[in-house]
Amino acid sequence: MTRFVGKMFPKQSPLKLLYEHAIVTHNAAQFIIPALNSYFDNQSIDQMCTQVDILEDKADELKVMIRESYSKLKFVYFDRVDILTILHEEDAVIDAVDDFLKSLTLNKLEKPLTKDLKDLLFELAQNSFDSVHMMTMAVEDLLTLVESSFSPSIASEEDKLTAKVETDESRTDRVSLQLGKKIYSMKNSMHPVDLYFLEKLAGLLTRIADHAENVAERIRMITHT
Amino acid sequence: MLIFLAIVTGFAMAFAIGANDVANSMATAVGAKAITPKQAVIIASILEFLGAVLFGSHVTLTIVKGIVKPQVITQPEILIAGGFAALISSSIWILAATIWGMPVSTTHSIVGGMAGFGIAASGWDAVNWKVMISIVSSWILSPLAGGLLAYSVFKLISFLILRRPSPAKAVKKVGPILIWITFFIIVYLFGVKTLKIGQTNSIWSATIIATTAAIGGYFTLRKYYRIRTKDYELVESIFKRLQIMTSCYVSFSHGANDVANAVGPLAVIYWVIRTGVISPKVEVPIWVLALGGFGISVGVLLLGYRVMKTIGRDITQLNNTRGFCIDFSTASTVLISSVLGLPVSTTHIVVGSVVGVGVARGVEVVNVGVLKNIILSWLATVPLAAGLSALLFKFLVKVI
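Residues numbered from 1 in each chain as written. Chains lettered and ligands numbered in written order. Predicted model: local features only at pLDDT ≥ 70, side-chain atom pairs only at ≥ 80, totals over all residues. Heavy atoms only, no water.

### Examining the overall build of chain A
Worth spelling out the cut-off: Numbering goes from the N terminus for both helices and strands, where a helix is a DSSP run of H or I of at least four residues and a strand is a run of E of at least two. Only protein chains enter the calculation, and the probe is 1.4 Å; a residue is then buried if its accessible area is under 20% of its type maximum, exposed if over 50%, and partly exposed in between. Any pair of residues with heavy atoms lying within 4.5 Å of one another is described as a contacting pair. Each accessible area is a Shrake-Rupley result for a 1.4 Å probe, and residues are judged covered by the shown protein chains and nothing else. None of His or the chain ends enter the tally, which takes Lys and Arg as positive and Asp and Glu as negative. Note that the charge is assigned to NZ on lysines, CZ on arginines, CG on aspartates and CD on glutamates.
Counting its regular elements, chain A contains 8 helices and 1 strand. Helices and strands in chain A line up, N terminus first, as α-α-α-α-β-α-α-α-α. Principal-axis analysis of the C-alpha atoms gives chain A an extent of 75 × 35 × 20 Å. Looking at chain A as a whole, 55% of its 225 residues qualify as buried. Here the analysis covers contacts within chain A between residues at least 6 apart in sequence; of these, 86% occur between residues at least 24 apart. Total accessible area computed for chain A in this model is approximately 10,100 Å², and 53% of it derives from carbon and sulfur atoms. In chain A, the 26 positive side-chain charges and the 37 negative ones have mean positions that sit 2 Å from each other.

So, in C-alpha cells, the structure goes:
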C-alpha cells in the first residue's frame, strides 16, 4: 500500500526536470562568447566543444526522463504537448550552440575581420546568449507559477519576461540582418568560403535566439490557458 | 489455548496493519519533508496506539455486529471458528498483497473475511446485506468525499493565499483562521468521541483551544513575516507546521478506525470463549484495544521505518501546502466516518485526496494503472478474503 501511495507521484517532477534541462542549455550557451574570443585569438576551442558535448548528453538524458515521466502522468499542470514542445525547442537551442562551436573549428579566416564586422558578430553572439538567459528565467518562473497555483500576478510577471525574450529576439534579427548585409557587401574582398562561413555563423547565432524565443512564446501561451 | 491463539492472530493482523498501512497516514508529511522518517515512525507508533485505545471501540463494534447476524449463528464454536477464519484469511491476503505491492484495504479484507465465514456457516442469510451495502457505498463515497474536500481545501488556500499578490501578507492574515479551523476540528472530535463530554462542552472546549492556538499563531506569523526571505518559503513553513499537526491527526484517527480490523474478530472470539454464549452485543475490553494498538505500533516501529524512508525518497515533488490539503482531507474524512461508525479505508481516502488536489492542479499525479489498481483491489479484496475465509472456516469448524 505504501508503494501505492509513492507511485501516485512522479519520482521527479517533470517541470523541475524541464528547468534542469534549461539550466544545462544555459550552461552550454555560456561558451558562445568565450569560444568566439578564442577563435579570434587563434586558440583551440576543442575543450569547449567537449564540454558542450557532455552537456548535450546530459540534456538528452533529461529529455528521456521528461518524456517517460509525462507518458505516465494522469493529472498534469500543463498540456503534455506544450511541455514537450518547450523541451524540443530547448533541445534545439543546445543543438545550435553545439553546431556553432563545432563550426568554429571548421575554418580559419584568411584575412582578419574588420572591427565593425567583428563588433556586429560579437553583438549578435551576446544577444543570442541573452535570449537563452531570459528563456531559462522564464522556465524557472513556471515553477513559481505552479507553486502560486497559477496566480494572475505571477502570470503577469511571466508575461513581462517572455515579452523581454521576444524583444531580444527581434533585436537579434536586426543585428543579424545588419551583419548579413555587411558580410555580403564584402563579396569582392573576402574569400567566398570565408563569406559563406561567416554567414553560417550568423545564421547559427540567430537560430539560437529563434529557438529561445519559441520557448518563451509557448510559455506565454500556456500561462494564459 | 484458544484465547492465546486468538491473541496471537489478532496481534499478527495488527502488526501487518502497522507495517503496511500506517505509512499512508504519514506518507505525505514524510514526502513533503515536514518530518523525517524517524520522527514519523515514533509519532505514528505513539498516536496509533492512543487512537486505537481511546477512540477505537465504536468502529470495532460496527464490524463485529454489523456484518454477520449473531442470531443466525447459534453455536459458539461456529462463531469462534469464524472469527479465526476471518482474521487468518485477512492476514494472509494482506501479506500476499503486500508482497505483490497491491493496494488492498485492511478494512475491506476483514469485512470480506467476516462475510465469508458467515456465508459458509449459515448461507447468504447470515450476512446483514443492508449493513454490507452501506459499507460498500462508504467505500465509494469516502474517496469521493476525501477528493472533494481536498479539492475544496486546495482551491480555498489557492484563492486566499497562493494566488494573492503577496502570499506572505495573505498567510499572515489567513493563517490564524486556518490554525483555528484545524484545532477546532481536532479538539471538537476529540471531545465528542474520545472524552465523550457532549456536543456543547466539545464545542466550547474546541473554541477556547482553537482561539488560543490562533492567537499564538498570529504572533508567530508576525514574527516570521518580519524575518522572511521569500514569500512562498514563509507560506510553506506555516503549512509545514500545520501539516505535522494534521499528520498526527491522520495517525490518531487511523489508529482509531483500523484497530477494529485486527481486534474486532478477536473481541468476538474472546467473548464467546469467556461467556460461552453468543450475544448480539459484544463488548470490546480495553486490553483488546490496547493489544491492537500495541500490535500496530510494533509493526510501525519494526517495519514502518523502511517503508517511510522509501516514501521520503520517492515523493520529491510534494510540498507542504499540497501535503496539508491531502492530510487534512484524509483525517477529516476518516474521523467523520469513524463518528458515523463506518469502517472506511484510509488507503482509498488518501487516494481520493491526492486525486482531488491533482484535479485542482495542485500536484502532478502518476497514472501507471494506479487508478485501475484501485478498482481491481476494490473488487478483488472482499470476494477473495471472503472465499479464503469460507474455506478456512470449513476446515476450522471441524478442528475446534
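### Thoughts on the confidence of the model for chain B
For clarity, the cut-off: Each residue gets a pLDDT score, which is the predictor's confidence in that residue and runs from 0 to 100.
Considering every residue of chain B, the mean pLDDT works out to 80; 87% of them sit at 70 or more. Element-level mean pLDDT values for chain B span from 54 in helix 4 (residues 57-66) of chain B up to 89 in helix 9 (residues 199-226) of chain B.

### Quick notes on the side chain of Ser45(B)
Along the chain, the position of Ser45(B) falls in helix 3 (residues 37-55). Ignoring sequence-local partners within four residues, the contact set of Ser45(B) consists of Ser297(B), Val300(B) and Leu301(B).

### Quick word on a positive patch on the surface
For clarity, the threshold we go by: Patch building starts from residues that exceed 30% relative accessible area and form no salt bridge, then joins like charges within 9 Å and nonpolar side chains (Val, Leu, Ile, Met, Phe, Trp, Tyr) within 5 Å. Here a salt bridge means any side-chain nitrogen of Lys or Arg lying within 4 Å of a carboxyl oxygen belonging to Asp or Glu.
On the surface, Lys155(B), Arg163(B), Arg164(B), Lys169(B) and Lys173(B) cluster together into a patch of positive charge. With respect to the helices and strands, Arg164(B) occurs in the loop between helix 7 (129-162) and helix 8 (167-195).

### Regarding the side chain of Ser329(B)
Residue and element names in this part refer to chain B. Mapping Ser329 onto the fold places it in helix 12 (residues 320-340). By relative accessible area, which is 0% here, Ser329 ends up buried. Discounting chain neighbours no more than four positions away, the residues touching Ser329 are Gly146, Leu149, Ala150, Val153, Ile349 and Ser353.

### Description of the environment of Phe117(B)
Residue and element names in this part refer to chain B. Tracing the chain through its elements places Phe117 in helix 6 (residues 106-122). Through-space distance from the C-alpha of Phe117 to that of Lys372 is 29 Å; in sequence the pair is 255 residues apart. If sequence neighbours within four positions are ignored, Phe117 has contacts with Val68, Ile73, Ile78, Leu79, Gly82, Gly83, Ala85, Ser389, Ala390 and Phe393.

### Describing the packing of aromatic side chains
Put simply, the rule reads: We call Phe, Tyr and Trp rings a pair once their centres come within 6.5 Å, taking the six-membered ring for Trp, and we label the pair stacked below 30 degrees between planes, edge-to-face above 60, and tilted otherwise. Here, a charge over a ring means that NZ of Lys or CZ of Arg falls within 6 Å of the ring centre while also lying within 35 degrees of the ring normal.
Counted by the stated rule, this structure contains 14 aromatic pairs over all chains. When the ring of Phe11(B) is compared with that of Phe294(B), the centres are 6.0 Å apart and the planes differ by 45°; the resulting orientation is tilted. Of this pair, Phe11(B) sits in helix 1 (residues 2-21) while Phe294(B) sits in helix 11 (residues 286-314), and the two are 283 residues apart along the sequence. Judged by relative accessible area, Phe11(B) falls into the partly exposed class, the value being 25%. Residue Phe294(B) is classed as partly exposed on the basis of its relative accessible area of 46%. One aromatic cluster in this structure is built from Tyr39(A), Phe40(A), Phe122(A) and Phe197(A). The ring of Tyr225(B) has Lys172(B) sitting right over it, with the charged end atom 4.3 Å from the ring centre. Above the plane of the ring of Tyr224(B) lies Lys223(B), whose end atom (NZ or CZ) is 5.5 Å from the centre.

### Some remarks on the confidence of the model for chain A
Residues of chain A with pLDDT of at least 70 account for 96%, and the chain-wide mean is 88. Across chain A, the secondary-structure element scoring lowest on mean pLDDT is helix 1 (residues 2-7) of chain A, at 59, and the one scoring highest is helix 3 (residues 32-40) of chain A, at 95.

### A look at the pattern of salt bridges
Residues and elements named next belong to chain A. A full pass over the atoms with the stated rule returns 9 salt bridges over all chains. Measuring nitrogen to oxygen at the nearest pair gives 2.6 Å for the salt bridge that ties Lys115 to Asp119. Remark: Asp119 and Lys115 occur in helix 6 (residues 115-147); sequence separation between them is 4 residues, near one turn of the helix. The exposed category is assigned to Lys115, whose relative accessible area is 63%. Looking at Asp119, the relative accessible area reads 40%, which means it is partly exposed. Salt-bridge contacts for Lys182 lead to Asp116; the nearest nitrogen and oxygen are separated by 2.7 Å. Of this pair, Lys182 sits in helix 7 (residues 152-185) while Asp116 is found in helix 6, placing the two residues 66 residues apart along the sequence. Owing to a relative accessible area of 29%, Lys182 belongs among the partly exposed residues under this scheme. Using a relative accessible area of 35% as the deciding quantity, one classes Asp116 as partly exposed.

### What about the packing of helix 7 of chain A against helix 8 (residues 192-222) of chain A?
Residue and element names in this part refer to chain A. The criterion, for reference: Think of each axis as a best-fit line through the C-alpha atoms, taken over the contacting stretch in the case of a helix, with angles from 0 to 180 degrees between the N-to-C directions. Put simply, angles under 35 degrees are roughly parallel, angles over 145 are roughly antiparallel, angles from 65 to 115 are roughly perpendicular, and the rest are oblique. Here is the rule for handedness: rotate from the far helix to the near one, and if that takes an anticlockwise turn smaller than a right angle the crossing is left-handed, while a clockwise turn gives right-handed. Classification convention: Asp, Glu, Lys, Arg as charged; Ala, Val, Leu, Ile, Met, Phe, Trp, Tyr, Cys, Pro as nonpolar; all other residues, Gly among them, as polar.
Two elements in contact, helix 7 and helix 8, have axes whose closest approach is 9 Å; the angle formed by their N-to-C orientations is 165°. Comparing their axes, helix 8 and helix 7 come out roughly antiparallel. Seen from above, helix 7 lies across helix 8 with left-handed handedness. Its residues assigned to classes, the contact of helix 7 with helix 8 comprises 12 nonpolar, 4 polar and 10 charged.

### A word on the state of the cysteines
All names here are of chain B. Defined as follows: What counts as a disulfide here is a pair of cysteine sulfur atoms lying within 2.5 Å.
If you walk through the whole model with that rule in mind, you get 0 disulfides over all chains. Between Cys325, a free cysteine, and Cys248, which holds the nearest cysteine sulfur, the sulfur-to-sulfur gap is 17 Å. A relative accessible area of 0% means that Cys325 is categorised as buried.

### Some remarks on a nonpolar patch on the surface
Residue and element names in this part refer to chain B. Together, Ile42, Ile46, Leu50, Leu54 and Phe190 give the surface a local cluster of nonpolar side chains, amounting to about 410 Å² of exposed area. With 4 residues, the single largest contributor to the nonpolar patch is helix 3. Residue classification places Leu54 among the partly exposed residues on the basis of a relative accessible area of 41%.

### Some words on helix 5 (residues 80-104) of chain A
Note the cut-off: Take the number of residues in a helix, subtract one, and multiply by 1.5 Å to get its expected span. Each polar contact in these results corresponds to two N or O atoms within 3.5 Å; when the atoms are within protein, one needs to be able to donate a hydrogen and the other to accept it, and residues that are neighboring in sequence are counted only if both atoms are side-chain atoms.
Between the first and last C-alpha of helix 5 of chain A there are 36 Å, a value that for 25 residues agrees with the 36 Å anticipated at 1.5 Å per step. One side-chain oxygen of the residue at the start of helix 5 of chain A lies 3.0 Å from the amide nitrogen of Val81(A), identifying that residue as Asp79(A).

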